[in-house]
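Tertiary structure, described
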Amino acid sequence: MQTVHSPDFKRNAARALADTGLQKALGTAKGAFLVRRAQAVANLPEFEQLRDIGRDIKNHTLANLDFYLEAFAANVERAGGKVHWCSTAEEARETVLAICRSVGAKTVTKGKSMISEELGINDHLEHHGITPVETDLGEYILQLRQETPSHIIAPAFHLNREDWEADFRRLHTHLPKDRVFNERADIVAEARSTLRDRFLAADVGITGANFLIAETGSSVIVTNEGNGDLTQTLPRVHIALASIEKVVPTLEDACNMLRLLARSATGQDFSVYTTFSTGVRRQEDLDGPEQYHVVLVDNGRTNMLGTEFQEMLRCIRCAACMNHCPVYGAVGGHAYGWVYPGPMGSVLTPSLVGIDKTGLLPNASTFCGKCESVCPVKIPLPKMMRHWREREFERHLTPATQRSNLKLWAWFAKRPTLYRLATRLGISALHMLARGKGAFASLPLASGWTKGRDLPAPEGETFMSAYARQQRAKGRR
Amino acid sequence: MSKEAILNGIRRGLKRGPLPADQQAMLAGRLASHPRHLQPARAQLPRPAQVALFLRNVEKEFGTVERVPHAGAVPGAVADYLAAQNLAPKFVLAPNPELWAMPWSERPMLEFHSGRAEATDMVSVQHGFVGVAETGTLMLPAAPTRPTTLNLLPDTEIVVLKASGIVAGYEDAFDRLRAENQDALTGGFMPRNIMFVTGPSRSADIEQTLELGAHGPRRLHIILIDDDPAALAQDAADEAGFAPLPGAAPAWTETAPATDTWAPPAPQPGVAAPQADQG
Ligand code: SF4
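Below is a short write-up of the structure. Since this is a predicted model, take the numbers as computed values, not measurements.

Helix and strand counts for chain A come out as 23 helices and 12 strands. Here chain A holds 477 residues, and 58% of them are scored as buried. Within chain A, contacts between residues separated by at least 24 positions form 72% of all contacts whose residues are at least 6 apart in sequence. Surface accessibility of chain A: about 19,100 Å² in total, with carbon and sulfur atoms responsible for 53%.

Attention now moves to a nonpolar patch on the surface. Residues and elements named next belong to chain B. Taken together, the side chains of Phe62, Leu210 and Leu212 present a nonpolar region at the surface, about 250 Å² in accessible area. Summarising the element assignment, Phe62 is placed in the loop between α3 (47–60) and β1 (64–68). Here Phe62 falls in the partly exposed class, since its relative accessible area comes to 42%.

Attention shifts here to the interface of chain A and chain B. Contact with chain A, which involves 104 residues of that partner, is made by 85 residues of chain B. With both chains or domains summed, chain A and chain B bury close to 7,800 Å², and 58% of this area falls on carbon and sulfur atoms. Three residues, Arg192, Glu252 and Arg259 of chain A, lead the burial of chain A against chain B; their summed loss comes to 10% of the area buried on that side. Lys60 of chain B is paired through a salt bridge with Asp269 of chain A; the nearest N and O atoms lie 2.6 Å apart. One can count 38 residue pairs in polar contact (both at pLDDT 80 or more) joining chain A with chain B. Per-element tally for the side of chain A that touches chain B: the top contributor is helix α11 (residues 184–201) of chain A, with 10 residues. Among the residues forming the side of chain A that touches chain B, the class breakdown is 48 nonpolar, 30 polar and 26 charged.

Of note in the backbone geometry, Arg317 of chain A takes a positive phi value of approximately 60 degrees without being a glycine. Looking at where Arg317 of chain A falls in the secondary structure, it is placed in the loop between β10 (291–297) and α14 (320–323). One non-glycine residue, Phe62 of chain B, lies in positive phi territory at about 75 degrees.

What counts, and where the lines are drawn
- Residues numbered from 1 in each chain as written.
- Chains lettered and ligands numbered in written order.
- Predicted model: local features only at pLDDT ≥ 70, side-chain atom pairs only at ≥ 80, totals over all residues.
- Heavy atoms only, no water.
- Helix = DSSP H or I, 4+ residues; strand = E, 2+ residues; numbered from the N terminus.
- Buried < 20%, exposed > 50% of the residue type's maximum accessible area, 1.4 Å probe, protein only.
- Contact = heavy atoms within 4.5 Å.
- Areas by Shrake-Rupley, 256 points an atom, 1.4 Å probe, with all protein chains shown as cover.
- Patch = residues over 30% accessible without salt bridge, like charges linked within 9 Å, V, L, I, M, F, W, Y side chains within 5 Å.
- Salt bridge = Lys/Arg side-chain N within 4 Å of Asp/Glu carboxyl O.
- Buried area = accessible area lost by both parts, 1.4 Å probe.
- Polar contact = N/O pair within 3.5 Å; in protein donor to acceptor, adjacent residues only side chain to side chain.
- Nonpolar A, V, L, I, M, F, W, Y, C, P; charged D, E, K, R; others polar.

What follows is the structure, given as structure tokens:
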């Protein structure tokens, strides 16, 4: 399993802010996903209703998770597949290795999968003499660079075009050294031709799953490149890795989730390839795998049920929360120190690896609320980060200064009149400083904070005073 | 057993035991009735507008389209497309009786074999099942007559689709499949694989900038057969003197494709070719 570096968030973040290459990449990428998502959402007037439905589908599934997982497993087996229930990452790794060994696998192709990163599948296979080959373009270059993804849908979010060219030149030694990359398309073409042979040679293909369908026993992957489909179609064996919360009841439920997923992720109306795999190659089929395995992983999820973090299990890994997060936008994904970055990572990582191992992570937030407002399944991310802060506080894991600040806040919060006055004063002061610009590039006493981000200027009044004003206006009508 | 451990963990978390029988029956009922959710209004259109929306969305996603009046015009459309793209007139054809029945011999330059795709195949001609108007998405369920590799290995994929196969949403596509496909292994309707394809392969992994032609086809071309009078704009339908009949075999079905790699159609149990919707 990938080592957890989350307690180093502060140091990681400082390093990230000083990394000019990273800052350039973040600057280039920033906004691309945002604009596209906004357009896609604007083009579907029902989007807001679909979000409510999506939230409800996931809640219904979680409340009956045992039933739907058993139904899913029964249908996989009816279609000639096999389900492997794994409580821990270790169990899942051993299961994958055993399947690979049972067919004498030498190379394994892989579709992009975050659960594979979480489980540390690649290291484990490599350690046992099996070569994993990442085939998603972004994952492929990261494997060449021996790096981890910095984003859950765009793994190479932190790289610039120059990095791609330099690495390809350095590592694709079978090609002429002085070749020219005129455009990005040349880089894509080189990866395509280099990986073709790997696809054809692989004995086993490993993919993740965006959804599992209880009704039909299908695993669903959503991709744009086609690498996931080549991975699960060409080798003799297909292994789908999925955590238990990926299941939805029916195809109709999946359709609703799919209308949300691509729009929230890349701003596409639908991804290029949305593929449902159900069991093994049929008798008359001319292609497709002879073995179909689903490795169903808990790895800490059941512990989240019944807690204030249960709602996090609705997550469909679209990455909208990190795309819209000012903290992520300033420091990138690696600073978060584990597999899942951004707001969803700040909530999920402590749940999966323990708050004692993640330290400051739930503080990596400005509490601007943007993540919750774009989350397709309406996960209350800021509230959950607050829950973690409270838990952390209770356990006295917080440095003394933060504890006293929180105490001060608590003292104020319990005295509403004072609190309102204090926040109003604070806001007036900020407003004066911003001088109508709408955002501050720097703030006295908070330069460590404003260096890496723009603080949106408060819009003149607190919620409480705006609310009071509206109430008064209503009263007059 | 980890299965029991996981199920018990779920129940512990949810603070309950196994679900009572009546609750289980209710959930089984939900699976059996698989209720639909909200259907976006954008695709709930009269037939001609629905087909037009499908085509518009295909093009928006960088696919290309040609409409032909009847199945007999497909070989010509394939030949002309390949010539226009400067591609060799060679392809792998889905082993589908409807495709086999087309007058390929009228275009003797075309060279093809019928079967699954291999790494050396540069062009495929695939049999389309359904087109989803909502997003310009093709539904391609795997079948002996519709191998999955045709959607993946070639550089160029040409999909032959009937206008009668165009539906509003993904749920409508699944309804067609539920009605028309019988899977011998499971007794259900799901084939081993269903690909929903929206435009040619692409990647935005380099600086979040879109590049076409990642690992799958660089080009996706759809040849749409206007077999559905209701799908034509009324004046166009009149002009075409449109009256296709189900099962009325045109003369050219007698001619077997004249290439040496062609294999005679084998009976395909359990796989229903999509029926033209004349309704
Ligand atoms: S938390 Fe919400 S927005 Fe973030 S990845 Fe998950 S589903 Fe997407």
